[in-house]
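Report on the structure
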Amino acid sequence: MQSDASIYSLPRWRVTRWLADCGADVPEDIRLALIGNLYGTLPVFIGGILNTLLVAAAITARSPTPLFVAWLAVEIAICLTRLAVLIVARRRALKHRSTPTDVNLLLSIAWSGSVGYGALISLATGDWVAATLACVSAGAMVGGICFRNFSAPRLCGVMIVLSLGPTIPGALIAAQPLLLVLFAQIPVYLGAMTMACFKLSRMLIATMRAERENDRRARHDELTGLANRAGLVRALDERLSRSGRAGEALALLYLDLDDFKAVNDTHGHAAGDRLLESVAERMRGLLREDDLPARLGGDEFVVLATGCTADQATEFGHRLIDAIGAPYDLGSGTSARVGVSVGIAMAPEHGSRAADLLRAADAALYQAKFDGGSRCRAASGDDLARFRDLVSRNASDPALQSAAA
């Protein structure tokens, strides 16, 4: 599979886009991962080119005719060019720059065509030692093609036909009646291997879809679609690391709805769920492109805002209070209102770890609640001290103990 640190470009030319196409409804992130598979690993690639170069060199040494000398020269040129393209592509992919994917695909086609040409001219000479060696090499290459390139089944099919298909006219030129069996055997073999590539490609895409869906569910809240606690902590750690290197401020706004329990008690949990979904939508409407909203559970939400000063975060908190505090239509002519209290922590001022920021924002949130609710408060050392004192005096309250942890 493709490394997370490297991103290979999708092909741009019409013919290469057709060759690499894996289906009409495949998401772009999966397409990018499949393109990465086509580059393979350097050891596997080197093993493949050494095999074809060695076969071409051995047969040319046995029969140094112009046809075989030309084949060896073409093999050397293709393999060296492919190696250079692979090295350049890997370096550019690691820097997230465009990669020569189109050239790489066409060179793969040329390589398989060269192997097929070698099998054709070896059969045509009637030298059965050379013909056996060339055909075994072509057959082995088909296995490698299926193993490496099945994520692009059309490319795989074309390469299989070019590498092993020329044995059919080669058998005809050799004028050996027994070889005529290839006219029945090779087309069936080529068709079966190509169909296997399509089947393996579909299985791979289905597996990748399932992996991404499982990852999405593990990091997102099912009700609102926002990030959940696990997704928040992961994103917060990543952004803290990035903002620390760039010297950029990061604001964490911790939200808790006021009087939400009354909505559940009065109108039922279904109405409460609709209200939570509406709260998430209102939050999304106020966010900037890089802001990350999350629901920690119950009626607790968080917003991560990158490149945000303390004053901007406070202003944002007040906008959230105004938007979330507007009436909600719960259906069947029923409406309700809730308030929201907001606690704000800033990185690196209040901590450089996810746990520290969440604790500081939670302390500010409890102080905003203590002050009457529907307020926005930035974290301070006094808030943390009062919060710890509140926890120590209410040791039997699991919610407070969890927040303090």
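As a reminder, the structure under discussion sits directly above these lines.
The following refers to the structure shown. These numbers come from a predicted model, not from an experiment. (Residues numbered from 1 in each chain as written. Predicted model: local features only at pLDDT ≥ 70, side-chain atom pairs only at ≥ 80, totals over all residues. Heavy atoms only, no water.)

1. Side note on a nonpolar patch on the surface
A grouping of Trp13, Val15, Val103 and Leu106 is seen on the molecular surface, where their side chains present a nonpolar patch of about 320 Å² in accessible area. Inspection of the secondary structure puts Leu106 in helix α5 (residues 101-125). Relative accessible area serves as the criterion here: at 34%, Leu106 is assigned to the partly exposed category. (Patch = residues over 30% accessible without salt bridge, like charges linked within 9 Å, V, L, I, M, F, W, Y side chains within 5 Å. Areas by Shrake-Rupley, 256 points an atom, 1.4 Å probe, with all protein chains shown as cover. Salt bridge = Lys/Arg side-chain N within 4 Å of Asp/Glu carboxyl O. Helix = DSSP H or I, 4+ residues; strand = E, 2+ residues; numbered from the N terminus. Buried < 20%, exposed > 50% of the residue type's maximum accessible area, 1.4 Å probe, protein only.)

2. Some words on the packing of aromatic side chains
Following the criterion strictly, the structure yields two aromatic pairs and no others. Aromatic pair Tyr8 and Tyr39: ring centres 4.1 Å apart, planes at 20 degrees, arrangement stacked. With Tyr8 in the segment before α1 (14-20) and Tyr39 in helix α2 (residues 28-39), the pair connects residues that are 31 residues apart, well separated along the chain. Judged on exposure class, the residue Tyr8 and its partner Tyr39 are both buried. (Phe/Tyr/Trp six-rings, centres within 6.5 Å; stacked < 30°, edge-to-face > 60°.)

3. Notes on the nonpolar core
By size, the foremost hydrophobic cluster in this structure holds 44 residues, and its most contacted members are Leu34, Trp111, Cys146, Leu155 and Ile160. With eight residues, helix α9 (residues 182-219) is the largest single contributor of residues to this core. Residues within four places of Leu34 in sequence aside, it is in contact with Cys22, Ser151, Leu204, Ile205 and Met208. Counting residues in each nonpolar core, the second largest holds 32 residues, with Val263, Ala313, Phe316 and Tyr328 among its members. (Core = buried A, V, L, I, M, F, W, Y, C linked by side-chain atoms within 4.5 Å. Contact = heavy atoms within 4.5 Å.)

4. Examining the pairing of strand β2 (residues 292-297)
Among the six residues in β2, five count as buried, and that is most of the element. Sheet topology note: the β2/strand β3 (residues 300-306) ladder contains five bridges and is antiparallel. Bridged to Ala294 within β3 is Val302. In this structure, the hairpin formed by β2 and β3 is closed by a connection of two residues, where Gly298 is found at a positive phi of approximately 60 degrees. (Pairing = 2+ DSSP bridges.)

5. Some points on the pattern of salt bridges
Two side chains of opposite charge can pair, provided their charged atoms sit close to one another. Within the structure shown, the criterion is met by 20 salt bridges. A salt bridge links Arg209 to Asp25; the shortest N-O distance between them is 3.8 Å. Of this pair, Arg209 sits in helix α9 while Asp25 sits in the loop between α1 and α2, and the two are 184 residues apart along the sequence. Residue Arg209 is classed as partly exposed on the basis of its relative accessible area, which comes to 33%. For Glu281, the salt bridge identified is with Arg284, shortest N-O distance 2.7 Å. Taken together, the residues span about one helical turn, with Glu281 and Arg284 both in helix α12 (residues 269-286) at a distance of three residues. For Arg284, a relative accessible area of 31% translates into the label partly exposed. Each of Glu213, Arg216, Arg217 and Glu222 takes part in a single network of salt bridges with overlapping partners.

6. Some points on the sheet that holds strand β1 (residues 250-258)
Ordered by their spatial adjacency, five strands build an open sheet running β2-β3-β1-β6-β7, and the pairing between neighbours is mixed. The strands lining the two open edges of the sheet, one partner per strand, are β2 and β7 (376-378). Taking each pair of neighbouring strands and ignoring which way they run, the sheet shows an average axis angle of 20 degrees. Against the sheet, helix α13 (residues 310-324) touches β1, β3, β6 (339-347) and β7, its axis set at about 165 degrees to β6. (Axes fitted to C-alpha atoms, helices over the stretch in contact; angles between N-to-C directions.)

7. Regarding the side chain of Asp221
Summarising the element assignment, Asp221 is placed in the loop between α9 and α10 (229-246). For Asp221, a relative accessible area of 14% gives the class buried. Polar contacts involving the side chain of Asp221 include one to the side chain of Arg295, which spans 3.1 Å. If near-sequence neighbours (up to four positions away) are discounted, Asp221 is found in contact with Leu226, Ala227, Asn228 and Arg295. (Polar contact = N/O pair within 3.5 Å; in protein donor to acceptor, adjacent residues only side chain to side chain.)

8. Section: α9
Note on helix geometry: an α-helix contains 3.6 residues per turn, so any two residues three or four positions apart are oriented the same way. Taking 1.5 Å of rise per residue, the 38 residues of α9 would be expected to cover 56 Å, and the 54 Å separating its terminal C-alpha atoms lies within 8% of that figure. Among all positions of α9, only Leu182, Ile186, Leu190, Met193, Thr194, Cys197, Ser201, Leu204, Ile205 and Met208 are buried. (Expected span 1.5 Å × (residues − 1).)

9. Observations concerning helix α6 (residues 128-149)
With 22 residues, α6 extends 31 Å between its outermost C-alpha atoms, agreeing within 8% with the 32 Å of an ideal straight helix rising 1.5 Å per residue. Residues Ala130, Ala131, Ala134, Ser137, Ala138, Met141, Val142, Ile145, Cys146, Arg148 and Asn149 constitute the buried set of α6. Here the buried face of α6 lies against α2, α3 (42-62), α4 (66-94), α5, α7 (153-164) and α9. In this structure Asp127 caps α6, since a side-chain oxygen of it lies 3.2 Å from the backbone nitrogen of Val129.

10. Focus: the environment of Met346
Within the secondary structure, Met346 sits in strand β6. Take Met346: its relative accessible area is 6%, and that puts it in the buried class. The sequence separation of Met346 and Gly36 amounts to 310 residues, and the corresponding C-alpha distance is 39 Å. Apart from the residues within four sequence positions on either side, Met346 is in contact with Ala249, Leu250, Ala251, Cys308, Thr309, Ala310, Ala313, Gly351 and Leu357.

11. Side note on unusual backbone geometry
Pro348 follows Ala347 through a cis peptide bond whose omega is 10 degrees. You will see that His96, though not glycine, has its phi angle at about 60 degrees, which is positive. With respect to the helices and strands, the residue His96 is situated in the loop between α4 and α5. Residue Asp259 is not a glycine yet carries a positive backbone phi of 65 degrees. Residue placement: Asp259 occurs in the loop between β1 and α11 (260-267). For Asp259, a relative accessible area of 59% translates into the label exposed.

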